[in-house]
Amino acid sequence: MKPKSQPMRTCVGCGEPKVKRELIRVALSPDGNISIDRTGKAPGRGAYLCESMSCFEQAYKAKLLERSLKHSVSKEIYEALQRDLQEHE
């Protein structure tokens, strides 16, 4: 039997493709709210980040999340992502 393929997504920070479960999804809902989606199943457009501070810092400095989501990202979302990553490390 052929092994099941894992969905791959690209990190907006480093640009490396990784397995979807290894990344953090930031979701832009259809009504315009941005949230951190740990389940990966929230409706709307998504951008993915590695669980490393270097990828987060790179995405923050270059505004890569905003470019990927095609929407402005508030400072509160960046702060929540930073706290989440610091707890995870």
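Residues numbered from 1 in each chain as written. Predicted model: local features only at pLDDT ≥ 70, side-chain atom pairs only at ≥ 80, totals over all residues. Heavy atoms only, no water.

1. A few points about the UniProt feature "domain: YlxR" (unreviewed entry) in the chain
UniProt feature "domain: YlxR" (unreviewed entry): in the numbering of this structure it lies at residues 9-82. The span residues 9-82 carries 31% helix and 26% strand; its end-to-end C-alpha distance comes to 20 Å. (UniProt positions renumbered as here; feature names shortened; annotations may be inferred. Helix = DSSP H or I, 4+ residues; strand = E, 2+ residues; numbered from the N terminus.)

2. Some thoughts on the pattern of salt bridges
Applying the stated criterion across every chain yields a total of 3 salt bridges. The shortest N-O distance in the salt bridge between Arg 25 and Asp 37 comes to 2.9 Å. Taken together, the residues span a long stretch of sequence, with Arg 25 in strand β3 (residues 24-28) and Asp 37 in strand β4 (residues 34-37) at a distance of 12 residues. Side by side, Arg 25 and Asp 37 carry an identical accessibility label, which is buried. Between Arg 38 and Glu 51 there is a salt bridge whose closest N-O contact spans 2.9 Å. Here Arg 38, found in the loop between β4 and β5 (45-49), pairs with Glu 51, found in the loop between β5 and α1 (53-61); they are 13 residues apart in sequence, far enough to count as distant. (Salt bridge = Lys/Arg side-chain N within 4 Å of Asp/Glu carboxyl O. Buried < 20%, exposed > 50% of the residue type's maximum accessible area, 1.4 Å probe, protein only.)

3. Side note on the environment of Lys 63
As for its position among the elements, Lys 63 is in the loop between α1 and α2 (64-69). By relative accessible area, which is 49% here, Lys 63 ends up partly exposed.

4. Examining the confidence of the model for the chain
Put simply, the chain has an average pLDDT of 92, and 99% of its residues get 70 or more. Per-element mean pLDDT across the chain ranges from 90 in helix α3 (residues 75-88) up to 96 in strand β1 (residues 8-10). (pLDDT = per-residue confidence, 0-100.)

5. Here's the deal with the side chain of Arg 25
You can call Arg 25 buried: its relative accessible area is 6%. Among the polar contacts made by the side chain of Arg 25, one reaches the side chain of Tyr 48 at a distance of 3.4 Å. When near neighbours in sequence (up to four residues on either side) are disregarded, Arg 25 contacts Ser 35, Ile 36, Asp 37, Gly 40, Lys 41, Ala 42, Gly 44, Arg 45, Gly 46, Ala 47 and Tyr 48. (Polar contact = N/O pair within 3.5 Å; in protein donor to acceptor, adjacent residues only side chain to side chain. Contact = heavy atoms within 4.5 Å.)

6. Some details on the pairing of β4
Sheet analysis places β3 next to β4, joined by 4 bridges and oriented antiparallel. When the bridges of β4 are listed, Arg 25 appears paired with Asp 37. Where β3 folds back onto β4 in an antiparallel hairpin, the turn is made up of 5 residues, including Gly 32, whose phi is positive at roughly 95°. (Pairing = 2+ DSSP bridges.)

7. A look at the nonpolar core
For soluble globular proteins, nonpolar side chains are generally found buried alongside one another. Among the nonpolar cores identified, the biggest contains 23 residues, and Leu 49 and Leu 65 are the most heavily contacted of them. Taken together, the elements giving at least two residues each to this core come down to β3, β5, α1, α2 and α3. Among all residues touching Leu 65, those that are not within four sequence positions of it are Val 12, Val 26, Ala 47, Leu 49, Ala 59, Val 73, Tyr 78 and Leu 81. (Core = buried A, V, L, I, M, F, W, Y, C linked by side-chain atoms within 4.5 Å.)

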